[in-house]
Every structure is written in C-alpha cells, then in structure tokens.
Amino acid sequence: MAAMVSRLPEGRLVETRQRGWVDPYAGLAAFDYARHTPSPEISAFVNHFWVVTWTDLAEPYEQRIVSHPTVNMTITSDFHRIAGVIRGGFSYTMRGSGRALGTRFRPGGFRPFLRRPVSELTGGFVEISDMYGAAGAAMVDQVLAESDPRAAVARVEMFLRSLEPRPDPLVEEAEALVALVESDVSMTRVDQLAARSGRSVRSLQRLFRDYVGIGPKWVIRRFRLYEAAERVYEGLDLATLATELGYTDQAHLTRDFTAAVGTTPAAYARLRTRA
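Reading the values: the criteria
Residues numbered from 1 in each chain as written. Predicted model: local features only at pLDDT ≥ 70, side-chain atom pairs only at ≥ 80, totals over all residues. Heavy atoms only, no water. Salt bridge = Lys/Arg side-chain N within 4 Å of Asp/Glu carboxyl O. Helix = DSSP H or I, 4+ residues; strand = E, 2+ residues; numbered from the N terminus. Buried < 20%, exposed > 50% of the residue type's maximum accessible area, 1.4 Å probe, protein only. Phe/Tyr/Trp six-rings, centres within 6.5 Å; stacked < 30°, edge-to-face > 60°. Core = buried A, V, L, I, M, F, W, Y, C linked by side-chain atoms within 4.5 Å. Contact = heavy atoms within 4.5 Å. Expected span 1.5 Å × (residues − 1). Arc of directions from axis to C-beta. Polar contact = N/O pair within 3.5 Å; in protein donor to acceptor, adjacent residues only side chain to side chain. Axes fitted to C-alpha atoms, helices over the stretch in contact; angles between N-to-C directions. Parallel < 35°, antiparallel > 145°, perpendicular 65-115°, else oblique. Pairing = 2+ DSSP bridges. pLDDT = per-residue confidence, 0-100.

Colleague: Just checking my understanding: could you explain the pattern of salt bridges for this structure?
Modeller: Two side chains of opposite charge can pair, provided their charged atoms sit close to one another. A full pass over the atoms with the stated rule returns ten salt bridges. Across the pair Glu175 and Arg106 runs a salt bridge, and its minimum N-O distance is 2.7 Å. Highlighted residues: Glu175 in helix α5 (residues 169-183) and Arg106 in the loop between β6 (89-105) and α2 (111-114), separated in sequence by 69 residues. Across the pair Arg224 and Glu227 runs a salt bridge, and its minimum N-O distance is 2.7 Å. Of this pair, Arg224 and Glu227 both sit in helix α8 (residues 216-233), three residues apart, roughly one helical turn. Looking at Arg224, the relative accessible area reads 1%, which means it is buried. Accessibility expressed as a relative area gives 6% for Glu227, which makes it buried.

Colleague: What should I look at first to understand the packing of aromatic side chains in this one?
Modeller: Both the distance between ring centres and the angle between the ring planes are used here to describe each pair of aromatic rings. Applying the stated rule across the entire model yields six aromatic pairs. Between Phe110 and Phe113 the ring centres are 6.1 Å apart and the planes differ by 20 degrees, which places this aromatic pair in the stacked class. Comparing Phe110 with Phe113 shows no difference in burial state: the two are buried. Here a set of aromatic residues connected by ring pairs shows up, and it is made of Phe45, Phe105, Phe110 and Phe113.

Colleague: Honestly, the environment of Ala138 in this entry has me stumped. Any pointers?
Modeller: Mapped onto the elements, Ala138 comes out in helix α3 (residues 128-145). Separated by 21 residues in the primary sequence, Ala138 and Phe159 have C-alpha atoms spaced 9.5 Å apart.

Colleague: Help me out: how do you make sense of the nonpolar core in this one?
Modeller: Considering soluble globular proteins, one finds that nonpolar side chains tend to be buried as a cluster. Ranked by size, the top nonpolar core spans 37 residues in total, and within it Leu193, Phe208, Val219 and Leu253 carry the most contacts. The element best represented in this core is α8, accounting for nine residues. Sequence-distant contacts of Val219, that is, excluding residues within four places in its chain, are made with Pro69, Val178, Val181, Phe208, Val212 and Ile214. With 29 residues, the next largest nonpolar core counts Phe113, Tyr132, Met139 and Val153 among its residues.

Colleague: Sorry if this is basic, but what is going on with helix α7 (residues 201-212) here?
Modeller: Each full turn of the α-helix corresponds to 3.6 residues, which orients residues three or four apart in the same direction. Between its first and last C-alpha atoms α7 spans 15 Å; for twelve residues at 1.5 Å apiece the expected length is 16 Å, and the two agree. What α7 keeps buried is the set Ser203, Leu204, Leu207, Phe208, Tyr211 and Val212. Within α7, the buried residues cover an arc of 135 degrees as seen down the axis, which keeps them to one side. Among the residues trailing α7, Gly213 stands out with phi positive, at a value near 105 degrees.

Colleague: Teacher, can you tell me more about the side chain of Arg224 here?
Modeller: Polar contacts involving the side chain of Arg224 include one to the main-chain carbonyl oxygen of Val181, which spans 2.6 Å. Arg224 has contacts with Val181, Glu182, Asp184, Val185, Met187, Thr188 and Leu245, leaving out every residue within four places of it along the chain.

Colleague: What exactly am I supposed to notice about the environment of Arg150 here?
Modeller: Structurally, Arg150 is set in helix α4 (residues 149-162). Taking the C-alpha atoms as reference points, Arg150 and Phe49, 101 residues apart in sequence, are found 9.9 Å from one another.

Colleague: Help me understand α5 in this model?
Modeller: Between the first and last C-alpha of α5 there are 21 Å, a value that for 15 residues agrees with the 21 Å anticipated at 1.5 Å per step. Among the residues making up α5, those that are buried are Val171, Ala174, Leu177, Val178, Leu180 and Val181. Looking at where α5 begins, the residue whose side-chain oxygen comes 2.8 Å from the main-chain nitrogen of Leu170 is Asp168.

Colleague: How should the packing of helix α6 (residues 190-197) against α7 be read in this particular structure?
Modeller: When two helices pack together, their arrangement is given by the angle between the helix axes and the distance between those axes. At a minimum axis separation of 9 Å, α6 and α7 run at an interaxial angle of 90 degrees. The orientation of α6 with respect to α7, classified from their angle, is roughly perpendicular. Residues Val190, Asp191, Leu193, Ala194 and Ser197 of α6 pack against Val201, Leu204 and Phe208 of α7.

Colleague: Teacher, can you tell me more about the pairing of strand β4 (residues 72-75) here?
Modeller: Along a regular strand, successive side chains alternate from one face of the sheet to the other. Alternating positions in β4 separate into two faces, Asn72 and Thr74 on one and Met73 and Ile75 on the other, with burial throughout. As defined by bridge partners, β4 adjoins strand β5 (residues 80-83) across four bridges and the pair is classed as antiparallel. Bridging across to β5, Met73 finds its partner in Ile82. Connecting β4 to the antiparallel partner β5 that follows it, the hairpin turn spans four residues. As paired strands, β4 and β6 are joined by four bridges and run antiparallel to one another. Directly across from Thr74, in β6, lies its bridge partner Gly102.

Colleague: For this particular structure, what's the right way to read the confidence of the model for the protein?
Modeller: Low-pLDDT stretches of the model should not have their predicted coordinates read in fine detail. Of all residues in the protein, 87% attain a pLDDT of 70 or more, and the chain-wide mean is 85. In this model, residues 1-17 is a region of pLDDT below 50 whose contacts with residues beyond four sequence positions or in other chains number 63 contacts.

Below, the structure written as structure tokens:
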C-alpha cells in the first residue's frame, strides 16, 4: 500500500544548503553545518548528506530556507520523514541542543527509491517508517542512537543501498536539465529549456513531474529567485534585476520574492548590514 502523504501548511521543514538560506551569516553563528559525500554506489541518486548540530542555544533559533527542487530525507529527535519539493519557503526552529541529519537526493534521484511519480510527494511529507516499514523504523533508531555524525551517515547509506535503486537514464537527464537551468541565468522560459533538451514542452513537463516532482516553470523561477536574493543582498537595483531575470516588471519580481523568502527585497537587502 502506498504511504499516506500529509500536506504542509505552506511548508515548514528543515532543509539545508547555503544557497537558499535566508540570512546565512546569522545561521552559521547559531549552528554547525557539515556535508558528507555519498559513496560511489549511491552517488548517482544522492547529492550529499548534511548534518546540522546546535549546542546550548540560549534562545530558540529559526533558520528560514528558500526550498530547492529536490527531495530530502531528514532525521531529528522530533521527526523523521521524507519531504517532497516544497513550493514555498520553510523553516526549522532549533532549541537547546540537537542534531538534524539529512539526505539531499539529486533532482530526479529519489524516483528509483519511490518507484512512482515524485510529484505524489510534492508539497508534503511522509514518515520514513510509513514508506519503508520496519526496516525504515530500525534505520531511524540506529541513526538517533549514533553519537558520531559520520557513523550516523553510514547507517543511512547502508539503508539506501539495501533498497537497491536501479540506474535510470531519465534520472540523469532530469538532473542535467535542472543543472542547466541553475547555471544558465538567461534561461527564463520553459520553451527555451524544451529547445535545449530536444523535447516538446509537454514531454518536458511530464519528465519533470515524474522525476523532479514539480514542473520546469517552477524550477526556472526558483533558480532565478536564488540569483535575485544573492544580487539584492549585494545591493543591485531591483528594476534592473527584474529585467535581467525575465520578469515582466519589478512588482512581479517583488511578489515572487516575498512569497518565497518571506520578506520584501528591500528588507532582505538590509540584512547585509548585519553580515
């Protein structure tokens, strides 16, 4: 039976990569962040493992994130679940001392572990034990019992290898197209990506829904918003930026930016005075 997927109220999860962190300087002062490279056996599916550790926080700290077009599996003492692509921004509040261990799958890379369209998870999450039963629950217990982060990562790796994901050329294609969108700032429309991919727009949309979990238009807009956040933070004029990133006007960029980041571009730019 397929696991039940719960919907998030505008998405509130932990997810970590410095590109996409809101006010990253404050975050790095509040917690330690480390990345771990996956073994060759699963590197075709997993981008990296990440570990966030915080100790003796005097006050709760909320880290806000602008989400990526990826699936994450996160294990903390509070929850252990798999998150589909989250359309909006989201956050995680850290209190006292704790640790979060995450698995960032490559765009399209979770499809061989799910074996059905990744869009079924989009905007929500599923408990690891609901998706993978007793084996998933046992892995979570082992991870939480490990005090050494590297040993905990090794437990997750062992579990993922046991699921025997099969190579899939469509995973590679989906990831390559997402990487193209990320690297090419001039990519602002779906028809541009379709032309570069050699697929029709409809075929491209099907591939993204099935493997990435969300459509190519959202992916394009999300990467352009990352660039907007970085360049607003650096002090670039918003009207100029809107034109460069393919927005119809400054107001359109402001609406998208505020919805994803949780604050206006002007307020976000003021964060640089705290860096």
